[in-house]
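Single-letter residue listing:
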There are 4 protein chains.
Amino acid sequence: MIIILKEKPDQLQLDSLKKWLTRQNVTLHISEGVRQTIVGLVGDTSAIDIDIVKQWDIVDDVKRIQEPFKNANRKFHPLDTVINVSGRQVGGGGFTVIAGPCSVESEEQIICIAESVKASGADMLRGGAFKPRTSPYAFQGLRAEGIRLLLKAKQATGLPIVTELMDLSQIDLFADVDIIQIGARNMQNFEMLRQLGKCSKPILLKRGFANTYQELLMSAEYIMAAGNPNVILCERGVRTFETYTRNTFDIAAAPALKNLSHLPVFMDPSHACGVSKFVPSLALASAAVGADGLLIEVHNNPSCALCDGAQSLTTQAFDELMVKLRGILPHRYISK
Amino acid sequence: MIIILKEKPDQLQLDSLKKWLTRQNVTLHISEGVRQTIVGLVGDTSAIDIDIVKQWDIVDDVKRIQEPFKNANRKFHPLDTVINVSGRQVGGGGFTVIAGPCSVESEEQIICIAESVKASGADMLRGGAFKPRTSPYAFQGLRAEGIRLLLKAKQATGLPIVTELMDLSQIDLFADVDIIQIGARNMQNFEMLRQLGKCSKPILLKRGFANTYQELLMSAEYIMAAGNPNVILCERGVRTFETYTRNTFDIAAAPALKNLSHLPVFMDPSHACGVSKFVPSLALASAAVGADGLLIEVHNNPSCALCDGAQSLTTQAFDELMVKLRGILPHRYISK
Amino acid sequence: MIIILKEKPDQLQLDSLKKWLTRQNVTLHISEGVRQTIVGLVGDTSAIDIDIVKQWDIVDDVKRIQEPFKNANRKFHPLDTVINVSGRQVGGGGFTVIAGPCSVESEEQIICIAESVKASGADMLRGGAFKPRTSPYAFQGLRAEGIRLLLKAKQATGLPIVTELMDLSQIDLFADVDIIQIGARNMQNFEMLRQLGKCSKPILLKRGFANTYQELLMSAEYIMAAGNPNVILCERGVRTFETYTRNTFDIAAAPALKNLSHLPVFMDPSHACGVSKFVPSLALASAAVGADGLLIEVHNNPSCALCDGAQSLTTQAFDELMVKLRGILPHRYISK
Amino acid sequence: MIIILKEKPDQLQLDSLKKWLTRQNVTLHISEGVRQTIVGLVGDTSAIDIDIVKQWDIVDDVKRIQEPFKNANRKFHPLDTVINVSGRQVGGGGFTVIAGPCSVESEEQIICIAESVKASGADMLRGGAFKPRTSPYAFQGLRAEGIRLLLKAKQATGLPIVTELMDLSQIDLFADVDIIQIGARNMQNFEMLRQLGKCSKPILLKRGFANTYQELLMSAEYIMAAGNPNVILCERGVRTFETYTRNTFDIAAAPALKNLSHLPVFMDPSHACGVSKFVPSLALASAAVGADGLLIEVHNNPSCALCDGAQSLTTQAFDELMVKLRGILPHRYISK
């Protein structure tokens, strides 16, 4: 960390700053220039709060040099983390496809979709039981019943299941869930992250739609520092001025996060763009860019009977995508 | 709500869409143009999920006409909501100043600051006990002990207290807190919002740093629909490409939210800009723009003794700000 | 276009609005609901200015239904535009790679790089002669001399050249340039766009870093409406809160723009991310997502001699990228 | 400037980097830590291009310490710049109100509005002759004729006039214009900025809607470095995810820019928010925050006759705003 002081800093304030910094267990290197004095901090600066340092009036600016995350940092853990999800490997050169409906709606629906995506080559089943909805008047998911139906689909197909936890009070229901998903809106729910660090279940941590890579990695750090190393990062689009797609899919998140961290990085083009016709091409791009896996929403016809005309078309679109994905990933794809 | 269909829509899909819409308790008005068919929905569309409608392949676009919030909507409640906070009125033409430190650090600190801001004219005391911190290695607040110290400061000064709730498991500690603050990162923690709707305590709901006015009002709607009408909205800066200030303070949030809703709107320039020297001018702007109140962080010297040199300067800056605020608000300011 | 009126609109204002609208050559369809009156406009609304409509106090909101662009619109021109660039086809199923240095620096440099990228399979040569620089103190390009050197490289290699025009006063120098590039900062330089519409040279129009797809297409419309149909769109990153990469590469721009328009869409991952080590994976993603071509910056060692150690490594990285690109695009890649 | 090297940097690359840096006329201070080597540059780093430095593979990150602008920098010019605009002072403690219509439409219109805003206390008249329009089909302004009409209004009222230059080819028409406005879309039209630096006319430079404070100041630097010190900065809203207002009005731009620079800072709430009912409160906030002046769009009824019912209401709204502005600025307002 480097602290840039204003010209001619007040000596009393400088002494007070130096005293405070010394108590943070770092060594100070002070270089006095003609116009500017620069204080370099050597040691572990990850716990130093930049906002506190800026409170001294003599401080002009503060620049962080070391990343403030450690457990998630590739510098201290050069090899890719490989996570065992109920016997299947995530990360480390393979490619994992998680598919399923937005919401679990009924036993027939979830089992029908699970069987269909399995047949197409999906590795795991996703489905929402607890649904974060902007509106209190919108369908909030089947909740506990949704989890029960997902477990039935797991039993029927053997696919591990991934579903979202919205509040710690629900956690007992997740005992047999294979991956707990933390949604974008809870990425900085620090109390929840800390608690999830106390279990060993794999956590799929979605990037908040206005959070930086570093903030995502700091949230992973909460889980890891509390004892759970099994974190999968997931890009699902960031919020920008462009409204034609729901969010802007940040494809560079994959190489960037894999450069900064050893954790697996998944991509969720369905939530990112919100327009189903663009999802297949964004999924292919995600494979080409080097991500470790995909979350794909497989729609079922919301209007009526399950797995009918419109729906089978969409599971068909997923099937066609899987064929193309194998073309992009001939060497790393582990076929079922 | 208006649904714009693609040219020559498939009749089977159209029938399926019409059937689904009819089940949502709305009436359909269909106008067939040369190039485009438009379906207008009449009735309460607040529970209709635009993303579901977009799943029909024949749908080109969907535009919402009515706001999806009702309890928070000024159209259905033209008069300003006035909230009683332990005997003091918030909203409805007065102006409320809430001041205090970022974190409660010790009994001496919080009482010293409480007395100082009270003397300068602050209406309420703020202070963090549970602190949402990006880093797991940063100070997380005094937690339960912090609440205890705030209550001591309340007893000592008579100032109502405002402090942040981070997780529902902490709620019993908030029994004597006057206003529960929901931080920007929890604005869409829907399980928490729903629970807070079951009490009658005033809730200060901060806008998430990448959330729209409508999303903020939908979060207020969660609380209000569950039974608690006492919601204060708070703008605290939005995230943009500009990094010189911590966030971009969206001053138009005050007139915009007051136009859309009858709820009181507060402004938090301290968190928005993150640079203390700009806070006084942004606070004056907040008063001039027509907000109902302010949250101001009054710094204490982080380095050493409490209320020493550096700190008294800052409480002095707050005192000067209060003098200027009275100049901006001669008619509406209710002096103590 | 749909105009939503406020409740109980003033009749005088309504008459004035109707009179004005009628003069815009559209037909009005008025539906009066219980709470809201909606005015639908039928006809060509592309010239109607939403901001003017909003000036009537009785107007609550205005929603555009038809896209305001015509020449660039796929609805009116379903087949892909294929542009002939000095005998090579751009768009329509092929894939074009344009490579070269950021700035032309010397004859040796540009010819050395041109030969190298040609050998690796690049289709065209790019290089900056006029450089838009944030700082007036930074190198502004070799200007006229830079164009002269590019033309030498074209002569030496046969590669068509692409270079940026910054001001209309420079246009005579571009007579032998094959594609004129309009940079992101000039995407809404409407006087320049109009002038470029009067020539027939292919224009590579870069998306401004805070412009929507629609604004990009409206800028293409300026060129096309003035008579030049040869426009290539180019995504080069948008500005967001994330600062780890220079901009956020909007990969969905390719399928989105190709859905809205028949024009070819190129991707420029070099400028988008600004970090050379991420460029190859973003280039592969661009091919997988269905773009029509790539702009890749091939660095030369800025420190010393040309095409030395560091540089050859980088042309080597480009060569490796071209090999991988052929793997992603076995069917559509037209090998040299 | 500080360059952070990767662990164990290659000696050959380090030598090459050092050689290149030395040629930039800066002195190097190298501190080798256990994990990181840091190179500090002392001297004038404003011409050093960070992107070039990042091309060395051994460079991990580069941080700028000194601002890259000099002429516009308050550090080198502590006193406020005061600009003489045809006998009236801009900046330095006064407050200037520039008002007028979006576009000049006719002689009657512009003279009628000019007289009205003058009577209310406006200091200068604004009006668009050349209009930057997103759509080629929208009204592009009266162009040369518009300038002629503005000069007539100047003659009739004595108000200095402010109008936008869109292309250097138009500049001869601006000989009698008092302030040349550079619009947001041309803020980085560097060829134009350089040419405007060769005249001495005051330039009102609008911030691009996705440009940082530093980029705005670098554009001012282009004008100033070429010899024209008379630059007025103007905030007109930045582009964010919020669409309820046209742009997000960055009120902190006033104190931030005045802290970084000695140039006057104006605010344009009309273009920022695009919703006329919010303009008066945003204008009052602009005065309270410490800006040096305002641009206010005074609408004329677009539908029919000039200065009729609807219009006089709006000039009435401007008149009411001027009364309230004097309340906010009792000490600094120079009444006419």
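This structure is a prediction, so every number in the text was calculated from the model and none was measured. (Residues numbered from 1 in each chain as written. Chains lettered and ligands numbered in written order. Predicted model: local features only at pLDDT ≥ 70, side-chain atom pairs only at ≥ 80, totals over all residues. Heavy atoms only, no water.)

## Here we look at the relation of the copies chain A and chain B
Then step 1. Of the transformation superimposing chain A on chain B, the axial component is 0.0 Å and the angular component is 180 degrees, with the fit at an RMSD of 0.0 Å. Look at the turn and shift together and you get a two-fold axis relating the two. Relative to the rotation axis, the C-alpha of Ala210 of chain A is the closest in chain A, positioned 3.0 Å from it.
Then step 2. Of the residues that chain A buries at the interface, 100% are likewise interface residues in chain B, meaning the two copies contact each other through the same surface. (Least-squares fit on C-alpha atoms with pLDDT ≥ 70 in both. Contact = heavy atoms within 4.5 Å.)

## Remarks on the sheet that holds strand 2 (residues 27-32) of chain D
Residue and element names in this part refer to chain D.
Then step 1. If you walk across this open sheet you meet the four strands as 2-3-1-4, and the pairing is antiparallel. Of all the strands in the sheet, just strand 2 and strand 4 (59-63) have a single pairing partner and so form its edges. Between one strand axis and the next, the sheet turns by 20 degrees as a mean value, whatever way the strands run.
Then step 2. Note: strand 1 (residues 2-5) against strand 4, four bridges, orientation antiparallel. Opposite Ile3, over in strand 4, you have Val62 as the bridge partner.
Then step 3. Along the sheet, helix 1 (residues 11-22) makes contact with strand 1, strand 2, strand 3 (37-42) and strand 4, crossing strand 2 at roughly 150 degrees. (Pairing = 2+ DSSP bridges. Helix = DSSP H or I, 4+ residues; strand = E, 2+ residues; numbered from the N terminus. Axes fitted to C-alpha atoms, helices over the stretch in contact; angles between N-to-C directions.)

## What about the domain arrangement of chain A?
Then step 1. Here the domain parsing of chain A yields domain 1 (2-63) and domain 2 (83-328).
Then step 2. Once you take the C-alpha centre of each, domain 1 of chain A and domain 2 of chain A turn out to be 43 Å apart. (Domains from an automatic or database assignment.)

## Here's the deal with the interface of chain D and chain B
Then step 1. Of the residues lining the interface, 31 residues belong to chain D; the matching set on chain B comes to 31 residues.
Then step 2. Buried surface at the junction of chain D and chain B, summed over both partners, amounts to about 2,500 Å²; 72% is from carbon and sulfur atoms.
Then step 3. Together, Phe241, Glu242 and Tyr244 of chain D form the three largest contributors to the area buried by chain D at its contact with chain B, with a combined 21%.
Then step 4. Our count for the contact surface shared by chain D and chain B stands at two salt bridges.
Then step 5. Counting across the interface, chain D meets chain B through six residue pairs in polar contact (both at pLDDT 80 or more). (Buried area = accessible area lost by both parts, 1.4 Å probe. Salt bridge = Lys/Arg side-chain N within 4 Å of Asp/Glu carboxyl O. Polar contact = N/O pair within 3.5 Å; in protein donor to acceptor, adjacent residues only side chain to side chain.)

## Here's the deal with the packing of aromatic side chains
Residues and elements named next belong to chain C.
Then step 1. By the definition in use, this model includes 20 aromatic pairs over all chains.
Then step 2. Measuring from centroid to centroid gives 4.7 Å for Phe190 and Tyr222, while their planes differ by 20 degrees, and the two rings are stacked. Highlighted residues: Phe190 in helix 5 (residues 190-196) and Tyr222 in helix 6 (residues 213-225), separated in sequence by 32 residues.
Then step 3. You can call Phe190 buried: its relative accessible area is 1%.
Then step 4. We classify Tyr222 as buried; its relative accessible area is 1%. (Phe/Tyr/Trp six-rings, centres within 6.5 Å; stacked < 30°, edge-to-face > 60°. Buried < 20%, exposed > 50% of the residue type's maximum accessible area, 1.4 Å probe, protein only.)

## Things to note about the interface of chain A and chain B
Then step 1. Contacts between the two partners involve 53 residues from chain A and, on the opposite side, 53 residues from chain B.
Then step 2. Carbon and sulfur atoms make up 48% of the surface buried where chain A meets chain B, a total of about 4,400 Å² over both sides.
Then step 3. Where chain A meets chain B, there are six salt bridges.
Then step 4. The residue Arg143 of chain A makes a salt bridge to Glu191 of chain B at a minimum N-O spacing of 3.0 Å.
Then step 5. Contributing elements (two or more residues each) for the side of chain A that touches chain B: helix 1 (11-22), helix 2 (50-53), helix 5 (190-196) and helix 6 (213-225) of chain A.
Then step 6. With five residues, helix 6 of chain A is the single largest residue contributor to the side of chain A that touches chain B.

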